[in-house]
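Summary of structural features
This is what each chain is made of:
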Amino acid sequence: MSQAPSKPAPPQSPSNLDLNNIQGDILSGLPKKTETYLFFQISDAKKFRTDLRNFIPLVKTVAGTLKDRDDISKHKQGTVGGKPPLIPMAGVNIAFSHFGLKALNINDANLVDTAFLGGQKLDAGANLGDKGTGSGPSFVPDWEEPFKKDIHGVFLVAGDSHDTVNKKIGEIKQIFGVGGHTPSLTEVTTIVGDARPGDQSAHEHFGYLDGVSNPQIIGFDKNPPPGPAPVRAGAIILGKDGDANKDKREPWMVEGSFLVFRYLFQKVPEFDDFVFRNRLKGPGMTDQQGADLLGARLVGRWKSGAPIDLTPFKDDPELGRDPQRNNNFHFTAEQNFQKLCPFASHIRKTLPRADLESLGISIEKNRIMRRGVQFGPEVTKAERAAKKTSQGRGLLFACYQSSITDGFQFIQRSWVNNATFPFAETTPEVPGLDPLISASTLTDRKLSGIDPNNPSTELKLEDQWVVPRGGEYFFTPSIKGLKEKIAA
Ligand code: HEM
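Keep in mind that what you see is a predicted model, and the values were worked out from it rather than measured.

Moving on, we come to the layout of surface pockets. Space inside the second largest pocket adds up to approximately 220 Å³. If you go around the second largest pocket, the residues you meet are Y208, M285, Q289, D292, L293, A296, W302, K303, F313, K314 and D315. Taken together, the residues of the lining of the second largest pocket sort by class into six nonpolar, one polar and four charged.

Here it is, written out as structure tokens:
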């Protein structure tokens, strides 16, 4: 009996990930000079499903993103002299909140995650420490108005320019009938993020190189550079080994990932002023060098990205840009001590490496894949002179994980906002709070370890330089999940 010719199998990576099924931002990061987040509410569930079917072909998968990245690098290599113009290119992804799935009458109980099922508004007070009024279920965070509404979903549209991205957004709006007589969704708010200009393009607004350390995925990342142990795909992707709830996942959940979005404003002139006033002092050290050293100790890396665990007293830009070396440290040289890197520095709080691993505690389930982008203008001369922010700028923080309660929420609640972490009983000093992102609602905000020669000296955190003004928890389904469940 002859068989009908079967379709060629989709490309699979050795970790058994279907790269044509997983949305692109999760594992390969949509290439972006600019990225728009369009948040929406579903207004007509039946029509939304039909429209979604027409939208799905626009979604960029991991395979598509890898191809885009390949095209970009070939384009760069093929250019003789000077900087080549960017290739016009847009990547689209989509994610849904619990409220969106509910509006579509989809039972998402087996997504299991309590943070996702409750939504970020509910989490903001009790678990994240955001400012707000009321308590318990009636807590209202001090956020921008649109984020106080129930957001059902978000389109992520990244690209080389506002032009390309806006054209793509036009296409999306047309598919869902926005601006016509029968829209199936309404826009709640749209936020545009942009890479910073010139040599600051990969740096966040305080000036530090960002996106240096992200988990390497076993079987997907071919030659992981030296650094923290690579993780099983299930730390980030649902339904794979390493996902604690793998057995509970329904087929439409497999190869999806939870997306955490946080709208974080940064008070840059105020931060710079604080760092300068509290600068470290030492023989032969200029005021600026003292300020740079303090800043590096607050973050755990110099502005170039060089880790202070490897170069504690002087920036080393070459080390900062060398992926073979810039993540190759574990805080092992100073177990229980913080001469090289303060316990509470942003990177030691958010990824304690050997502080936990040497005690036999795995941090695989706490790893997150960060995909943020900056928003807002550069600091103006007037703001710098006044040492006061007058224009909104910051980070559209985004990260993926297979569990928000073990990933983002855990990091923020149990590490960042916990003054005694890592484990004060084994350390001579109380670590204190993450100086960048700990909650302003905590009392006695301070950290130790800022002076390498006197680690018990504490620095009072006078202000909160990162202010959360919105956010939501989403689920980014696979292409099959979109087709076979959400649009079905
Ligand atoms: C405006 C807010 C923030 C700023 C300015 C900021 C800045 C940075 C910088 C400069 C780095 C070092 C470079 C790198 O490894 O990529 C970093 C790393 C990191 N950040 Fe943030 N961050 C912010 C918010 C957050 C939030 C909200 C979280 C999660 C709760 C977070 C988690 C992490 C993690 C996990 C790392 C990598 C640590 C490592 O692997 O060594 N960050 N951040």
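That shown, we press on.
Moving on to the coordination of the iron atom of the ligand. Protein coordination of the iron atom of the ligand is limited to a single donor, H346 (NE2), positioned at 2.1 Å. For H346, the position within the fold is in helix α12 (residues 346-350).

A few words on the site of the ligand. Around the ligand, a shell composed of 25 residues is seen, among which V212, S213, H346, R353 and R370 lie nearest. In this structure, an oxygen atom belonging to the ligand sits 2.5 Å away from a side-chain N or O atom of S213. R370 places a side-chain nitrogen or oxygen 2.7 Å from an oxygen atom of the ligand. Only β7 (257-266), α12, β10 (394-401) and α15 (408-416) provide two or more residues apiece to the shell around the ligand. Across the shell around the ligand, the residue classes tally to 14 nonpolar, six polar and five charged.

Two aromatic rings, taken as a pair, are described by how far apart their centres are and by the angle between their planes. Taken as a whole and assessed by the stated rule, the structure comprises 29 aromatic pairs. Relative to F271, the ring of F206 has its centre 4.2 Å away and its plane inclined at 25 degrees; by these criteria the two rings are stacked. With F206 in the loop between β6 (185-194) and β7 and F271 in helix α9 (residues 268-277), this pair connects stretches of sequence that are 65 residues apart. Judged by centre distance (5.3 Å) and plane angle (10 degrees), the ring pair of W415 and F421 falls under stacked. An aromatic cluster is defined as three or more aromatic residues linked by ring pairs; in this entry it consists of Y37, F39, F147, F261, Y263, F265, F375 and F474. Positioned above the aromatic ring of F276, the side-chain terminus of R279 is 4.4 Å from the ring centre. Taking NZ or CZ as reference, R353 lies 3.9 Å from the ring centre of F329, over its face.

A probe matching the size of a water molecule, rolled over the atoms, marks out where space remains unfilled. What the rule picks out here adds up to one cavity of 30 Å³ or more. Roughly 50 Å³ of internal volume is contained in the largest cavity. Lining the largest cavity, in full, are L38, F155, I172, K173, F176, V178, L185 and E187. Looking at the lining of the largest cavity, the elements that each hand over two or more residues are α8 (162-175) and β6.

Before going further, it helps to spend a moment on the pattern of salt bridges. Note on pairing: side chains with opposite charge can pair once their charged atoms come close. Under the counting rule described, the total for this entry stands at 28 salt bridges. Of the charged contacts, one joins D273 and R277 as a salt bridge, the two residues approaching to 3.2 Å between their closest N and O atoms. Of this pair, D273 and R277 are both found in helix α9, four residues apart, which corresponds to roughly one turn of the helix. Taking relative accessible area as the criterion, D273 reaches 17% and is therefore assigned buried. Classification of R277 by relative accessible area gives partly exposed; the value is 43%.

Moving on to the UniProt feature "domain: Dyp-type peroxidase C-terminal" (unreviewed entry) in the chain. UniProt feature "domain: Dyp-type peroxidase C-terminal" (unreviewed entry): in the numbering of this structure it lies at residues 248-417. Split by type, residues 248-417 is 30% helix and 14% strand. Its first and last C-alpha atoms lie 31 Å apart.

Core analysis: the biggest nonpolar cluster contains 82 residues, and L52, F55, F96 and F155 have the highest contact counts within it. Ranked by residue count, the leading element in this core is helix α10 (residues 287-299), at six residues. By size, the runner-up hydrophobic cluster in this structure holds 36 residues, among which are A95, W143, F147 and Y263.

One way to put it is that α9 packs onto α10 with a least axis distance of 8 Å and a crossing angle of 115 degrees. Classified by the angle their axes make, α9 and α10 are roughly perpendicular. By crossing handedness, the relation of α9 to α10 is classed as right-handed. Seen from α9, the contacting residues are F271, F274, V275 and F276; seen from α10, they are D287, Q288, A291, L294, G295 and L298. Here the residues of the contact of α9 with α10 sort into seven nonpolar, two polar and one charged.

Direction vectors running N to C along helix α6 (residues 120-128) and α15 enclose 30 degrees, while the axes themselves pass 10 Å from each other. Judged by the angle between their axes, α6 and α15 are roughly parallel. Of α15, the residues touching α6 (which contributes D123, N127 and L128) are F408, Q409, Q412 and R413. Within the contact of α6 with α15, the residues separate by chemical class into two nonpolar, three polar and two charged.

Let us look at the environment of N16. With respect to the secondary-structure elements, N16 resides in the segment before α1 (24-28). On the basis of relative accessible area, N16 is assigned to the partly exposed category, the value being 46%. Separated by 344 residues in sequence, N16 and G360 have C-alpha atoms that sit 28 Å apart. When neighbours within four sequence positions are excluded, N16 is seen to be in contact with K240 and E255.

Criteria and thresholds
- Residues numbered from 1 in each chain as written.
- Predicted model: local features only at pLDDT ≥ 70, side-chain atom pairs only at ≥ 80, totals over all residues.
- Heavy atoms only, no water.
- 1 Å grid on protein atoms, 1.4 Å probe; cavity = no way out; pocket = protein on both sides within 12 Å on 5 of 7 lines; lining within 4 Å.
- Points joined across faces, edges and corners; volume = space filled by probe spheres on them.
- Nonpolar A, V, L, I, M, F, W, Y, C, P; charged D, E, K, R; others polar.
- Donors = N, O, S within 2.8 Å, 3.2 Å for Na, K, Ca; no water.
- Helix = DSSP H or I, 4+ residues; strand = E, 2+ residues; numbered from the N terminus.
- Near = heavy atom within 4 Å.
- Polar contact = N/O pair within 3.5 Å; in protein donor to acceptor, adjacent residues only side chain to side chain.
- Phe/Tyr/Trp six-rings, centres within 6.5 Å; stacked < 30°, edge-to-face > 60°.
- Lys NZ or Arg CZ within 6 Å of the ring centre and 35° of its normal.
- Salt bridge = Lys/Arg side-chain N within 4 Å of Asp/Glu carboxyl O.
- Buried < 20%, exposed > 50% of the residue type's maximum accessible area, 1.4 Å probe, protein only.
- UniProt positions renumbered as here; feature names shortened; annotations may be inferred.
- Core = buried A, V, L, I, M, F, W, Y, C linked by side-chain atoms within 4.5 Å.
- Axes fitted to C-alpha atoms, helices over the stretch in contact; angles between N-to-C directions.
- Parallel < 35°, antiparallel > 145°, perpendicular 65-115°, else oblique.
- Left-handed = near helix turned anticlockwise from the far one by under 90°.
- Contact = heavy atoms within 4.5 Å.

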